[in-house]
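Architecture at a glance
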Amino acid sequence: QGNADRSDELADRKTRKIETTSERLLQLADDLKQTANESLQQDRQTNTVRRSEMAAGIRGRAYVDIAFAGTLRSLSIALASGEVIYLDGIRTKTQLATLIAVLRRAKRKRNDLLLSEKGEMGVWDRHNAVEELDNRPMGDEDTDLVEYPYPNIYKRNFADVIARAANRKGVKQRAQKMKKWIPAEGDFIQFKEDYEIERFSDFCTHCKDVGIDVQWLEHSLGDYNRLRAANIHTLPELRMALRELVTHLQKKQEDDPVLKAEQALVGRKLDGFFPTPKPIISRMLELADIQPGDRILEPSAGKGDILDMLRLHYPDAEVIAIELNGTLFNVLEAKGNSV
C-alpha cells in the first residue's frame, strides 16, 4: 500500500536519545563540580616553594574543572530543551573538550593578529597587551579562524611505522602504498579527503594487529574522530557549532588573591619579617584590653596575621596599619586591608 512513513517514530527515538544524553551529561557535570570543590577544600602544606606551586596547580585545575562542569550543565539543559542545532550530536565530555580546544587554538591565532595590529611596543606594553588578550573570553569572532582538525602527522613518525611494516606479514602491501603518500617537502602530512583518512586509519588498525606501535599516528586522529562522532563533519558545521557553544562557556574563576600573594612569600627571605604565632596574638589582644572607640596602630603589619585577628574580634575598630615591604604590602592589600 505504498512506502511506510517512519518519520514520527525516528523523531521520537532521536528525542529519547537526546534526553538520555542530557541526563547523563548533567550527572557528569554535577560529579565533576563536586570532585573539584572537594579538592579545593583539602588542606595542603605550602611551607616550601615546590609544595606551594603544587597546591596552586591543584587549585587551578579545580577551577578549570568547575568552569567545564558549568559549561557541561548549560549545554545539557539546552540539549533537553531542543535549543541547539549543531551541538545536538554531543554525547561525551571528551567531545565537548575537543570543541573547546579547537576554539582555544583559533583564539590564539586571533590574538597573534590583534597583537601584530598594535605595531611596535616596548617590553612592558607588549607584556600587558599579551596578558590582556590572553584573559579575554573566547567569542564568535574567534570562530572565523577555526580550522577543521584533520589528521596532521609528523612525517618522521609516519616513515618509521612504514619502515617497520615494510617486512611484516599482513601489512607489507599497505606499507608500500602508504610510502607513496610521504611528500618530499615539509615535516608534516595532512589528510583531508575521506578516502585518505579511511586508508590511513585502516593502516593504523592493521599495524596494531601485528604488534606495531602506532600511538603517535592514532593520536593525530583523535580530534577528527571525536568531531565526526558528534555529527560535525565540515568546517561550516564546526563554526556554527562553536558559535552555539560560545553562549554556554563558563568563565574560569581566578585563584584566591590572598593565596597567590602569600604563595609569593614562600622561600623568600625578607629582612625583619617575623610572623607572629596565633597563641601570642591572642595573648597580646587579651593584654591590650581594647575598648569600643579605641584607635589601634599596627606599625609593622607583615602579612597581616595580627590584622586578621583584630578584624575577627573587633570588626568596628579603627585600625591604622603600616608596612614598608612591597611584597608584604601586596599580601595585605589582597586581604582587603587599608595599609
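Rules and cut-offs
- Residues numbered from 1 in each chain as written.
- Predicted model: local features only at pLDDT ≥ 70, side-chain atom pairs only at ≥ 80, totals over all residues.
- Heavy atoms only, no water.
- Axes fitted to C-alpha atoms, helices over the stretch in contact; angles between N-to-C directions.
- Helix = DSSP H or I, 4+ residues; strand = E, 2+ residues; numbered from the N terminus.
- Parallel < 35°, antiparallel > 145°, perpendicular 65-115°, else oblique.
- Left-handed = near helix turned anticlockwise from the far one by under 90°.
- Contact = heavy atoms within 4.5 Å.
- Nonpolar A, V, L, I, M, F, W, Y, C, P; charged D, E, K, R; others polar.
- Core = buried A, V, L, I, M, F, W, Y, C linked by side-chain atoms within 4.5 Å.
- Buried < 20%, exposed > 50% of the residue type's maximum accessible area, 1.4 Å probe, protein only.
- pLDDT = per-residue confidence, 0-100.
- Expected span 1.5 Å × (residues − 1).
- Arc of directions from axis to C-beta.

The next point concerns the packing of helix H13 (residues 278-288) against helix H14 (residues 305-313). Relative to each other, H13 and H14 sit at 50°, their axes nearing to 10 Å. Between H13 and H14, the angle falls in the class oblique. For the element pair H13 and H14, the recorded crossing hand is right-handed. Residue-level inspection shows Lys278, Ile281, Ser282, Met284 and Leu285 of H13 in contact with H14, the latter providing Asp305, Ile306, Met309, Leu310 and His313. Of the residues belonging to the contact of H13 with H14, the class tally is six nonpolar, two polar and two charged.

Here the focus is the nonpolar core. Counting residues in each nonpolar core, the largest one holds 49 residues, and the members touching the most others are Leu99, Phe158, Phe203 and Leu238. Mapped onto this core, the elements with two or more residues apiece are helix H1 (7-41), helix H2 (49-81), helix H3 (93-117), helix H6 (155-165), helix H7 (172-179), helix H8 (194-209), helix H10 (222-229) and helix H11 (235-246). For Phe203, the contacting residues outside a window of four places in its chain are Phe158, Val161, Ile162, Ala165, Arg174, Ala175 and Met178.

So, on to the confidence of the model for the protein chain. Of the residues in the protein chain, 93% have a pLDDT of 70 or more, and the chain-wide mean is 87. Element-level mean pLDDT values for the protein chain span from 71 in helix H12 (residues 257-263) up to 96 in H11.

With that settled, the discussion passes to H8. Between its first and last C-alpha, H8 extends 23 Å over 16 residues, near the 22 Å set by a 1.5 Å rise per residue. Along H8, the positions that sit buried rather than exposed are Glu196, Ile197, Phe200, Phe203, Cys204 and Cys207. Viewed end-on, H8 has its buried residues packed into an arc of 125°, placing them on one side of the element. In H8, the exposed positions that point more than 90 degrees away from the buried face belong to Glu198 and Asp209. Residues of H8 that are buried sit in contact with strand E1 (152-154), H6, H7, helix H9 (215-219) and H10. Of the residues trailing H8, Gly211 is marked for its positive phi of about 90°.

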